[in-house]
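# Remarks on the overall topology
Take a look at the letters that make up each chain.
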Amino acid sequence: ACFIPGGLDCSISFVSHVLGKVCVHGRQKELLSFLVPHLADLTKSDWIWQRICWQLVEGVPDRWMEAVVLGFVQRAPGADVLSRLLGNLVVKNKKAQFVVTQKVLLLQYGHKTAVLQNLLGYLSLDSLRRALLIKVLQELLETWGSSSAVKHSPPEQQLYISKAILICLSHLKEPEIESCKQELLTSMMEGVKCHLDSSLPQIRRLGMIVAESISSKINTDGPVLKFQYEEDDEARELKSLLVQTPPCCVLPSLPDDDRNEKTVAAPPLVLESNEKSHPAAPVMPDEESDAELDSDDDLIPYDMSEDKELKTKAPVYIRECIEVLTSSEDVDKWEATVKALESLIQKNPAATREVSVELAKILLHLEEKTCIEGFVELRQRAQVAVLTTDPIPVAKYLTSQFYSLNYSLRQRMDILDVLVLAAQELSYPKSHGKTKHSGAQKPCIQLLHGSDSSKDWRRIVDERIKSKTRRFASGQSQVEPVSGPNEFNSVAGHFFFPLIQHFDRPLTTFDLLGEDHLVLGRLVHTLAVLMYLAVNTVVVTPMGKALLEFVWALRFHTDSYVRQGLLSCVSSVLLSVPTERLLEEMTEELLEAQSWLGDVVEKDPDGDCRRLALQNLLLMENLKKKLTADPS
Amino acid sequence: MALPPPDPQFVLRGTGAAVHTLHFSCGGQEPDVPILFSGSENGFIHVWNLKTHRVDAALDGHGRRSVYCVETMGSKDRLLSQGRDQRICLWDLAEGRTSVTDSVFTENVGFCRCSLLKVTQGRWLMAIAAKDLEEVQVLELPSKTSVCTLKPEMGAKLGMPMCLKLWQLSCGSQPLLLAGYEDGSVVLWNLSMGKVLSQLVCHPEPVMSLDFDSEKAKGISGSSEKVLSIWNFNEQQNLQVYKTHKLVNAGISDITIRPDKKIVATAGWDHRIRIFGWKKMKPLAVLDFHTATVHCVSFSDHKNPEERLLAAGSKDHRISIWSIYTQT
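Throughout, a residue's number is its position along its own chain's written sequence, starting from 1. Chain A is the first chain written and ligand 1 is the first ligand written, with later ones labelled in order. pLDDT decides what is reported in this predicted model: residues at 70 or higher carry local features, side-chain atom pairs at 80 or more are listed and counted, and totals for whole chains, interfaces and linings draw on all residues regardless. Note: side-chain values were computed over all heavy atoms of the structure, leaving out hydrogens and water.

Chain B carries the name GNB1L protein in an unreviewed UniProt entry, which gives Crotophaga sulcirostris as its organism.

Worth spelling out the cut-off: UniProt positions are given in the numbering used here, feature names are shortened, and annotations may be inferred rather than shown by experiment.
As recorded in an unreviewed UniProt entry, chain A goes by the name Telomere length regulation protein TEL2 homolog, listed as coming from Crotophaga sulcirostris. Note on chain A: under the UniProt heading Sequence similarities (unreviewed entry), the record states "Belongs to the TEL2 family."

See below:
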């Protein structure tokens, strides 16, 4: 019962029922888009209408409560409005509490950020509800910090949870933070570890941003945690969530920057470039500003700006390079050698072939002696040059070293990158003696963001798929590029098979199937690329067969980066092996693969995996159709 | 906005070998042709006609061993050359002759260029690095009699003499010798007594070349490192370093002060010729033409100031001739 002006008693439980029924039948949009603004208006200043509204929602039967609450949360234009409309519903009603604190935050992740803001803001606005806010934060952090959640939940969900955490943090007041400081710290440490372990750069960055935010909240004085990561729109959006303009504040348009300065604490460990630093321009004592008059003044100097240090000449012979790189104390010469090495190798193929393995060994172990710009790229280009000049012995050496003891992960991944780049060069037709790459490739694979190269390859695979689909209107025909023999043909097997042979044999310092799943991921992607480049070679069929078996053995791997690689491998096999060979010699493997792909499409938590699997299934369909429709 | 440095006025090609020494003889009257003498690593001395820019004669007197010093004695017909065959040759070039009239066997296998000083008409002093390691010998020409032998005291450890300069304060006064040594010191010798008047360590490396301005009593030396050292005499008449100048690249082969004492030229291992104002060592120009070490620089003795030239000989077999700061 409730009171209305005039002293009459009335019950609005009937209205609640209607509201509930309409909502549960899926008509929240129509009803609430009318109702909510009206109620918002009415409840703005009229306390009685507020009570009426609360009674209204409280009276909704439990079985329809979820629909109603969700509807209100989504429709309300702000947390303060939601607060007026729902009152302490979440405290009074168990079902509502479940929906608000559990269902929307932890079990669903499709809602927009505004919804999260509404919901969490609502919880923060009343002292009775704030306890729930803290509880919610704790549960969110538990999920965020759980390694199995980080591994198995989709990136979209992880983003959602991260946003929710940041919004909660923005609402917490000092004393509340103080009281749960220890818990926050523990969760942060655990969580950041799981996130940094992930192979996906997006997850790593989420972990970094959230950890930084938590750190900035709990360490208001003293150094805070600071990571280095790419600042894009998503990162900026996340960071902006940490700042709340309280709705009751009447301060007109306080710029966000000011508040940012207050929330982000004192000296960060890594200095970001800020516009405020003015490097003091050094005042050069001008020799010629001597006031003394001298008769030299009638001798006018010429322009001497070209008078610079003389550069050391690089060696002209490959053997000289080897000598300089291994034993020379002259750092100028060493630098000049590193810079000139790639072109020297290209100009002296015969001389390089005499010492190819030795040179490959030196380059693999070459450390940066002085600070040269682009050292990593220079070394990689030289390695690729050696490998393309003398593919078979050098490939043998590199693949054997990949599985040897006492190499760092960096070196092993270097080997993979070099193999891929060299395979690329060898398999493309040379025009005018120089290799031309199709526009999609980068000449140097970026080593830091592992999955970037797989994105490139996905683009290329997509293009190839496009080229294999039939078009009924052909565009302008392109000039045929100059053709030459495929140099990759004779060496593809030497690149591929040694890499695939020992993956399941753990060494003391290197366990592909265990901890080193990042390297496994890179290896799988490398194999996919090598398979892709082996199109039109003689050895492509046994390669395809071996690769499908490899994929089969690893198909349930827990790391999504590895699975993406495995699916790329399947794409490469389907695209490179001639269709007749596929269907004749690999029928069983293909059938098995097909059923696995079907499973992946339905059940894999990772969106990219699902997409790749679907693509593969479509490819298989196309190939079958092509073969049955076009027997010639 | 400073002007870019000038290009060479012309380039003499055809020596066929690295050029180690140059000497101008342009003071003659018409119909005398201005001449440049060059000594090369292949043992030839080329006589360049500066009007036609061609070789008038090629003198072969050192058994195809490198010639590293050429000087004239009074006129262009009397030439002195020093080679790695341990010989100093005196030539008579008058009326088209090319004959060696006399020679001195120095027994020295080093690279130290001799220094000549005219004391009276027909009498010259010549300082050369002698047979023994640290010794300098002074001979009188044309008699070839030894005037003195300058030997540093025991334990001085100066090393080989690297460059020599005979000078006198004015005509008729005591001749003195400045010698730069392997240990980086410059020593002032009194010839009549054969004694060291003053010694100064100018460089941590051997002194490669030096030149001295007797009017201002100021000298300059260069070494294999990056610093040029300018020194003079203090109140006690001792040598003191009064200024240094740091270069961009290390190594100086030759230094020469122009006869009018206005500018100084240096020949660098970095292939560049540098010009400085002599009064304050103000850098004036960097002439970047050669593609290998510049071995020698020399100023011409033209009577007409506007015709004055600077020549530089390099390991790249070329001689560049420059007309620079001729207006002062």
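### Focus on the overall build of chain A
Rules: Strands here mean DSSP runs of E at least two residues long; helices mean DSSP runs of H or I at least four residues long; both are numbered from the N terminus. Buried, partly exposed and exposed residues are distinguished by accessible area as a fraction of the type maximum, computed with a 1.4 Å probe on protein chains only: under 20%, between the cut-offs, and over 50%, respectively. The contact rule is simple, with two residues in contact once any of their heavy atoms fall within 4.5 Å. Where accessible areas are quoted, they stem from the Shrake-Rupley method and a 1.4 Å probe; at the residue level, only the protein chains shown are allowed to cover.
For chain A, the helix and strand inventory stands at 30 helices and four strands. With 632 residues in all, chain A has 47% of them scored as buried. Long-range pairs, those at least 24 residues apart, make up 74% of the contacts in chain A between residues at least 6 apart in sequence. Accessible area for chain A stands at about 33500 Å²; split by element, carbon and sulfur atoms hold 55% of it.

### What about the sheet that holds strand E17 (residues 195-201) of chain B?
Residues and elements named next belong to chain B. Condition: Only strands that DSSP links by at least two bridges are regarded as paired with each other. Note on geometry: axes are C-alpha line fits, over the in-contact stretch for helices, and angles between N-to-C directions span 0 to 180 degrees.
Read across the open sheet, the four strands follow the order E14-E15-E16-E17; overall the sheet is antiparallel. Each edge of the open sheet is held by one strand with a lone partner, namely strand E14 (161-168) and E17. Neighbour-to-neighbour, the strand axes of this sheet turn through a mean angle of 20 degrees, independent of strand direction. Of the strand pairs in this sheet, E14 and strand E15 (residues 175-181) are connected by seven bridges, and their pairing is antiparallel. When the sheet's bridge partners are listed, Trp167 is paired in E15 with Leu176.

### Points about the confidence of the model for chain B
This is how it is decided: Confidence per residue, as judged by the predictor, is encoded in pLDDT with a range of 0 to 100.
Averaged over all residues, the pLDDT of chain B equals 92, while 100% of them reach at least 70. With a pTM of 0.49, the predicted complex shows an ipTM of 0.81.

### Considerations on unusual backbone geometry
All names here are of chain B. The residue after Leu141, namely Pro142, is reached through a cis peptide bond having omega 5 degrees. Relative to the helices and strands, Pro142 is located in the loop between strand E12 (136-141) and strand E13 (145-150). With phi around 65 degrees, Gln237 is a residue other than glycine that occupies positive phi space. With respect to the element layout, Gln237 can be found in the loop between strand E20 (227-233) and strand E21 (239-246). For Gln237, a relative accessible area of 51% gives the class exposed. One non-glycine residue with positive phi stands out, namely Met281, at about 55 degrees. Along the chain, the position of Met281 falls in the loop between strand E24 (272-277) and strand E25 (282-288).

### Quick word on the pairing of strand E6 (residues 67-73) of chain B
All names here are of chain B. Most of E6 is tucked away, with six of its seven residues classed as buried. Two elements, E6 and strand E7 (residues 75-83), share six bridges in a ladder whose sense is antiparallel. Bridge assignment links Glu71 to a residue of E7, and that residue is Leu80.

### Brief notes about the packing of aromatic side chains
All names here are of chain B. Threshold: We call Phe, Tyr and Trp rings a pair once their centres come within 6.5 Å, taking the six-membered ring for Trp, and we label the pair stacked below 30 degrees between planes, edge-to-face above 60, and tilted otherwise. Definition used: whenever NZ (Lys) or CZ (Arg) falls within 6 Å of the ring centre and also within 35 degrees of the ring normal, the charge is taken to sit over that ring.
Taken as a whole and judged by the stated rule, the model has 10 aromatic pairs over all chains. Plain terms: the ring middles of Trp167 and Phe212 are 4.4 Å apart, the flat faces sit at 45 degrees to each other, and that makes the pair tilted. Of this pair, Trp167 sits in strand E14 while Phe212 sits in strand E18 (residues 207-213); the two residues are 45 residues apart in sequence, bridging distant segments of the chain. Given the relative accessible area of 5%, Phe212 is considered buried. Plain terms: the ring middles of Phe289 and Trp322 are 6.4 Å apart, the flat faces sit at 80 degrees to each other, and that makes the pair edge-to-face. With Phe289 in the loop between E25 and strand E26 (294-299) and Trp322 in strand E28 (residues 319-322), this residue pair connects regions lying 33 residues apart in the sequence. Trp322 sits in the buried class, given a relative accessible area of 2%. These aromatic residues form a ring-pair network of at least three members: Trp167, Phe212, Trp231 and Phe233. Its end group placed over the ring of Phe111, Arg84 keeps NZ or CZ at 4.1 Å from the ring centre. Of note, Lys218 hangs over the ring of Trp278, and the distance from its end group to the ring centre comes to 4.6 Å.

### Quick look at the interface of chain A and chain B
In plain terms, the rule: The salt bridge criterion pairs a side-chain nitrogen of Lys or Arg with a carboxyl oxygen of Asp or Glu, the two atoms within 4 Å. Under the grouping applied here, Gly and all other residues not named as nonpolar or charged are polar, the nonpolar ones being Ala, Val, Leu, Ile, Met, Phe, Trp, Tyr, Cys and Pro and the charged ones Asp, Glu, Lys and Arg.
Across the contact, 17 residues belong to chain A and 27 residues belong to chain B. Taken together, chain A and chain B are joined by two salt bridges. Salt-bridge contacts for Arg272 of chain B lead to Asp307 of chain A; the nearest nitrogen and oxygen are separated by 2.6 Å. Residue composition of the side of chain A that touches chain B, grouped by class: six nonpolar, one polar and 10 charged.

### Some words on the environment of Arg272 of chain B
Basically, it comes down to this: Polar contact criterion, stated in full: a pair of N or O atoms within 3.5 Å, where within protein one must be able to donate a hydrogen and the other to accept it, and residues adjacent in sequence count only if both atoms are side-chain atoms.
Following the sequence through the fold, Arg272 of chain B ends up in strand E24. Look at Arg272 of chain B and you get buried, because its relative accessible area is 6%. For the pair formed by Arg272 of chain B and Leu287 of chain B, sequence separation is 15 residues and the distance between their alpha carbons is 5.7 Å. Excluding its chain neighbours within four sequence positions, the residues that come into contact with Arg272 of chain B are Glu306, Asp307, Lys308 and Leu310 of chain A together with Asn249, Thr266, Ala267, Val286, Leu287, Asp288 and Val294 of chain B. Among the polar contacts listed, one links the side chain of Arg272 of chain B to the backbone oxygen of Lys308 of chain A, at a separation of 2.6 Å.

### Focus: helix H16 (residues 318-327) of chain A
Residue and element names in this part refer to chain A. Formally: As used here, the arc is the angular range of directions from the helix axis to the C-beta atoms.
Listed as buried for H16 are Ile318, Cys321, Ile322, Val324 and Leu325. Along the long axis of H16, the arc covered by the buried residues comes to 165 degrees, so they all point the same way. Opposite the buried face of H16, at more than 90 degrees from it, the exposed residues are Arg319, Glu323 and Thr326.

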